[in-house]
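The lines below spell out each chain.
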Amino acid sequence: MNNLYKLLKQREGKISFCETSNQIISQANVAWHIEHSLLTLNGITDFLIKSDTKDYKWKFNFVRIVVLTMKRIPRGSAKAPKVVQPQGNINKNTLVTHLSMTRNKIKALESLSKDKYFQHPFFGKIKLKQTINFLEIHTKHHLDIIEDIIKNTQTENNEPPCLA
């Protein structure tokens, strides 16, 4: 769980760049990537909490094995499900509020049974430990994109950070 908290702290440091974008790196701006990651963490945590361990059945899944072993999601390899696509106005205040809520959700993971599971759209059913591993990989994936957006935008045109 410590890795998720560290990744949230790193993401928090990027909120000041929320309006920064770079179409070469991503069609979405920094705020979208932060919000998407938070929606993903919250949605998966909610699913884990509600999951019925009796419904879990292991199945071989090559994509799951590759991603969880390599600890990397290739860029542009998948489109985010609609439920975790940010909607509406995202600004510094909404991100700070959502980040606080996400910290509380992650804390709930600490008390869950190891037999809880998440139904991933590409990986199938994955138990708690693998789900936490996926959340770390997914969060890091979007942090890397955010850092590339910021780095490449700053070197191109010194765009100021989000002040709202």
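Residues numbered from 1 in each chain as written. Predicted model: local features only at pLDDT ≥ 70, side-chain atom pairs only at ≥ 80, totals over all residues. Heavy atoms only, no water.

A few words now on helix H3 (residues 62-70). An α-helical segment advances 3.6 residues per turn. Residues three or four places apart therefore align on the same side. Of all the residues in H3, the buried ones are Arg 64, Val 67 and Leu 68. Mapping the buried residues of H3 onto a view down its axis gives an arc of 90°, with all of them on the same face. Pointing more than 90 degrees away from the buried face of H3 are the exposed residues Phe 62, Thr 69 and Met 70. The backbone nitrogen of Val 63 lies 3.1 Å from a side-chain oxygen of the residue at the head of H3, namely Asn 61. After H3 finishes, the residue Lys 71 shows a positive phi value of roughly 55°. (Buried < 20%, exposed > 50% of the residue type's maximum accessible area, 1.4 Å probe, protein only. Helix = DSSP H or I, 4+ residues; strand = E, 2+ residues; numbered from the N terminus. Arc of directions from axis to C-beta. Polar contact = N/O pair within 3.5 Å; in protein donor to acceptor, adjacent residues only side chain to side chain.)

Turning our eyes to something else, we now look at the packing of aromatic side chains. Counted according to the given criterion, the structure contains four aromatic pairs. Judged by centre distance (5.3 Å) and plane angle (85°), the ring pair of Phe 47 and Phe 118 falls under edge-to-face. Note that Phe 47 is positioned in helix H2 (residues 30-50) and Phe 118 in strand S1 (residues 117-120), a separation of 71 residues in sequence. Owing to a relative accessible area of 31%, Phe 47 belongs among the partly exposed residues under this scheme. Judged by centre distance (5.9 Å) and plane angle (50°), the ring pair of Tyr 56 and Tyr 117 falls under tilted. Remark: Tyr 117 occurs in strand S1 and Tyr 56 occurs in the loop between H2 and H3; sequence separation between them is 61 residues. A connected cluster of aromatic rings, assembled from ring pairs, spans Phe 47, Tyr 56, Tyr 117 and Phe 118. (Phe/Tyr/Trp six-rings, centres within 6.5 Å; stacked < 30°, edge-to-face > 60°.)

With that out of the way, let us pick up a nonpolar patch on the surface. Taken together, the side chains of Trp 58, Phe 60, Phe 62, Val 63, Ile 65, Val 66, Met 70 and Phe 122 define a hydrophobic patch exposed on the protein surface, amounting to about 860 Å² of accessible area. Tracing the backbone shows Phe 60 in the loop between H2 and H3. (Patch = residues over 30% accessible without salt bridge, like charges linked within 9 Å, V, L, I, M, F, W, Y side chains within 5 Å. Areas by Shrake-Rupley, 256 points an atom, 1.4 Å probe, with all protein chains shown as cover. Salt bridge = Lys/Arg side-chain N within 4 Å of Asp/Glu carboxyl O.)

We now examine the packing of helix H1 (residues 2-12) against helix H4 (residues 92-109). The geometry of H1 relative to H4 is characterised by a closest axis approach of 11 Å and an angle of 175° between their N-to-C directions. Viewed along their axes, H1 and H4 adopt a mutual orientation that is roughly antiparallel. Contact residues: H1 offers Leu 4, Tyr 5, Leu 8, Lys 9 and Glu 12, while H4 offers Leu 99, Thr 102, Arg 103, Ile 106, Lys 107 and Leu 109. Its residues assigned to classes, the contact of H1 with H4 comprises six nonpolar, one polar and four charged. (Axes fitted to C-alpha atoms, helices over the stretch in contact; angles between N-to-C directions. Parallel < 35°, antiparallel > 145°, perpendicular 65-115°, else oblique. Contact = heavy atoms within 4.5 Å. Nonpolar A, V, L, I, M, F, W, Y, C, P; charged D, E, K, R; others polar.)

With that settled, the discussion passes to H1. Where H1 is concerned, the buried positions are Leu 4, Leu 7, Leu 8 and Arg 11. The arc that holds the buried residues of H1, viewed along the axis, is 105°, so those residues lie on one side. Residues of H1 that are exposed and angled more than 90 degrees away from the buried face: Asn 2, Lys 6 and Lys 9.

The subject of this paragraph is the packing of H2 against H4. One can describe the packing of H2 onto H4 by two numbers: an axis separation of 9 Å at closest approach and a directional angle of 30°. Considering the angle they form, H2 stands roughly parallel to H4. The hand of the H2/H4 crossing is left-handed. From H2, Ala 31, Ile 34, Glu 35, Leu 38, Leu 39, Leu 41, Asn 42, Thr 45, Asp 46, Leu 48 and Ile 49 reach across to H4, where they touch Leu 95, His 98, Leu 99, Met 101, Thr 102, Lys 105, Ile 106, Ala 108 and Leu 109. Class assignment of the residues belonging to the contact of H2 with H4 gives a composition of 13 nonpolar, four polar and three charged. (Left-handed = near helix turned anticlockwise from the far one by under 90°.)

Another point: the environment of Glu 12. On the secondary structure map, Glu 12 appears in helix H1. Take Glu 12: its relative accessible area is 30%, and that puts it in the partly exposed class. With 83 residues separating them in the primary sequence, Glu 12 and Leu 95 have C-alpha atoms 8.5 Å apart. In this structure Glu 12 touches Leu 99 and Arg 103, once residues within four positions along its chain are discounted.

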